[in-house]
2 protein chains.
Amino acid sequence: MKIGARETERRMERITSAVKAAGVKLTIQRLEIFRELAASADHPSAEAVFEALHARMPTVSLDTVYRTLWLLTDLGLVHTLGPRHESVRFDPKLERHHHFVCLRCGLVRDFESAELDALRVPASAARFGRVEATHVEVRGVCSGCARKQGRKSGGRNDKEPKGGKGSNEHE
Amino acid sequence: MKIGARETERRMERITSAVKAAGVKLTIQRLEIFRELAASADHPSAEAVFEALHARMPTVSLDTVYRTLWLLTDLGLVHTLGPRHESVRFDPKLERHHHFVCLRCGLVRDFESAELDALRVPASAARFGRVEATHVEVRGVCSGCARKQGRKSGGRNDKEPKGGKGSNEHE
DNA sequence: CTCCTACCTGCGAATCATTCGCAAGTAGGT
DNA sequence: ACCTACTTGCGAATGATTCGCAGGTAGGAG
Ligand SMILES: [Mn+2]
Ligand SMILES: [Mn+2]
Ligand SMILES: [Zn+2]
Ligand SMILES: [Zn+2]
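Everything numeric here is computed off the predicted structure, so don't read it as measured data. (Residues numbered from 1 in each chain as written. Chains lettered and ligands numbered in written order. Predicted model: local features only at pLDDT ≥ 70, side-chain atom pairs only at ≥ 80, totals over all residues. Heavy atoms only, no water.)

Next up on the list: the overall build of chain A. When you go through chain A residue by residue, the secondary structure sums to 7 helices and 5 strands. Relative to its 171 residues, chain A shows a buried fraction of 49%. Considering only contacts within chain A whose residues lie at least 6 apart along the sequence, 55% involve residues at least 24 apart. (Helix = DSSP H or I, 4+ residues; strand = E, 2+ residues; numbered from the N terminus. Buried < 20%, exposed > 50% of the residue type's maximum accessible area, 1.4 Å probe, protein only. Contact = heavy atoms within 4.5 Å.)

What follows is the structure in structure tokens.
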């Protein structure tokens, strides 16, 4: 699904200038990947971008698509759907509640809010289908991570080191 | 991180009775996995549950932990953090917006809402750290999936068949 | 209480998405 | 036109999750 040419153009402009400003080389594959992504409204996966591109450019590799998408993500030019954690996380609390998610370490904490629960689903969302639930995700940096801050730059790999799976047991 | 014994007990009760009602065998490993999960407040991964359990029960396999957690999920006794899609999805729209996510096929659509944007972050969430953004996810079944409905039961594998990566191109 | 059997479990191999390592290719400054 | 650091395309490596299968057991029948 594609968006209007006007908006696509605006995005391409923003992306190319930002990428150029970052001192990154503008290769044909990058330009095409930008174009493909800038025109889409369906939040494509790397694979989807790759497939779409493959018709026009049979030589691009899936790996390059991944590298380019992460490049854009690191530059803040695209977002990913929901902060990705390394693996699925399970929640035994069935009562209606919401989450605070630490972008650094993946810590997740519950919180309740009568105000949020009272919210009505906007018609702009309801038009897409039958709504079953709404969930608010507050993203930020947990106090634990804020303390031991500073170090690294800000790229995508600034997560807690791979070590013990039992990390994010802050607090 | 564990929650109070009172609440843990309540959850164990709910889980065991529901599982029994579903005509599923209550094995020791299942009971222990239930116990471990019911007591946790940190949204553990299967691996985390496995690790924690490994101390008490050195013989349980990670695979059984996975199978049990998905069993609970299918019975609606636990939830997973954010509807899992098969892979990362990228979003080129930087303007503040929210998402409607189809639980069946993974379709994701943008929607805006002044009302939602106006929301203040509740203190109950802000206490966990520095908030950077809040995002509302409305989950439901898209009109496309609603149309071709009925068929299958309701388990975790009722997603669109694996086929072409370019699915969820509904509408 | 014992017996049976459909349902479980532990394992090692198989999948899948994503990432690495490296040799060959090229954007872009000089 | 010429360098060379940054990029690519691959095929192999990873890491999370799932499968296939052979042996084990919950729990209902007798
Ligand atoms: Mn929760
Ligand atoms: Mn979006
Ligand atoms: Zn953190
Ligand atoms: Zn759908």
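That shown, we press on.
What follows is about the protein's contact with DNA strand C. Close to DNA strand C lie 23 residues; Asp-63 and Tyr-66 of chain A together with Thr-27, Asp-63 and Thr-64 of chain B are nearest. Protein-proximal atoms of DNA strand C, defined as those within 4 Å of the protein, fall in sugar or phosphate at a share of 68%. Here a base nitrogen of DNA strand C sits 2.5 Å away from a polar atom, N or O, in the side chain of Asp-63 of chain A. The side chain of Thr-27 of chain B places a nitrogen or oxygen atom 2.7 Å from a phosphate oxygen of DNA strand C. Listed by contribution, the elements that provide at least two residues to the surface near DNA strand C are α4 (62-74) of chain A together with α2 (28-38) and α4 (62-74) of chain B. Per element, the largest residue contribution to the surface near DNA strand C is 4 residues, and it comes from α4 of chain A. The residue inventory of the surface near DNA strand C, partitioned by class, reads 7 nonpolar, 6 polar and 10 charged. (Near = heavy atom within 4 Å. Polar contact = N/O pair within 3.5 Å; in protein donor to acceptor, adjacent residues only side chain to side chain. Nonpolar A, V, L, I, M, F, W, Y, C, P; charged D, E, K, R; others polar.)

Moving on, we get to the environment of Thr-134 of chain A. Among the structural elements, Thr-134 of chain A can be located in strand β5 (residues 129-142). Non-local contacts of Thr-134 of chain A, meaning those with residues more than four positions away in its chain, are made with Arg-96, His-98 and Val-121 of chain A together with Glu-137 and Val-138 of chain B. One polar contact links Thr-134 of chain A to Arg-96 of chain A, side chain to side chain, over a distance of 3.1 Å.

For the pair chain B and chain A, the relating rotation is 180°, the translation along its axis is 0.0 Å, and the fit reaches an RMSD of 0.1 Å. Taken together, these values place the two copies in the relation of a two-fold axis. Closest to the rotation axis within chain B is the C-alpha of Val-136 of chain B, separated from it by 2.2 Å. A share of 100% of interface residues in chain B that are also interface residues in chain A marks the association as one of identical surfaces. (Least-squares fit on C-alpha atoms with pLDDT ≥ 70 in both.)

Coordination of the zinc ion (ligand 4) by the protein comes from Cys-102 of chain B (SG), Cys-105 of chain B (SG), Cys-142 of chain B (SG) and Cys-145 of chain B (SG), over a distance range of 2.2 to 2.4 Å. Residue classification places Cys-102 of chain B among the buried residues on the basis of a relative accessible area of 1%. (Donors = N, O, S within 2.8 Å, 3.2 Å for Na, K, Ca; no water.)

Attention shifts here to the pattern of salt bridges. Applying the stated criterion across every chain, the model contains 24 salt bridges over all chains. With its nearest N and O atoms 3.5 Å apart, the salt bridge here joins Glu-32 of chain B to Arg-35 of chain B. With Glu-32 of chain B and Arg-35 of chain B both in helix α2 and 3 residues apart, this pair spans about one turn of that helix. A salt bridge links Glu-132 of chain B to Arg-130 of chain B; the shortest N-O distance between them is 3.0 Å. By relative accessible area, which is 48% here, Arg-130 of chain B ends up partly exposed. Salt bridges here are not isolated pairs; linked through shared partners, they connect Lys-2, Glu-32, Arg-35, Glu-36 and Arg-56 of chain A. (Salt bridge = Lys/Arg side-chain N within 4 Å of Asp/Glu carboxyl O.)

Below, the discussion takes up the pairing of strand β3 (residues 98-102) of chain B. Residue and element names in this part refer to chain B. Among the 5 residues in β3, 5 count as buried, and that is most of the element. Where burial is concerned, the two faces of β3 agree: the one with His-98, Phe-100 and Cys-102 and the one with His-99 and Val-101 are both buried. Two strands pair when backbone bridges link them, and β3 and strand β4 (residues 108-111) are joined in this way by 4 bridges, in the antiparallel orientation. Bridge assignment links Val-101 to a residue of β4, and that residue is Val-108. Hairpin connection of β3 to β4: 5 residues between the antiparallel strands, including Gly-106 at a positive phi of 85°. In this sheet, strand β5 (residues 129-142) lies alongside β3 in parallel orientation, the contact comprising 4 bridges. Each residue of the ladder has a partner; that of His-99, found in β5, is Glu-137. (Pairing = 2+ DSSP bridges.)

Limitation: the analysis is restricted to geometry and does not speak to function.
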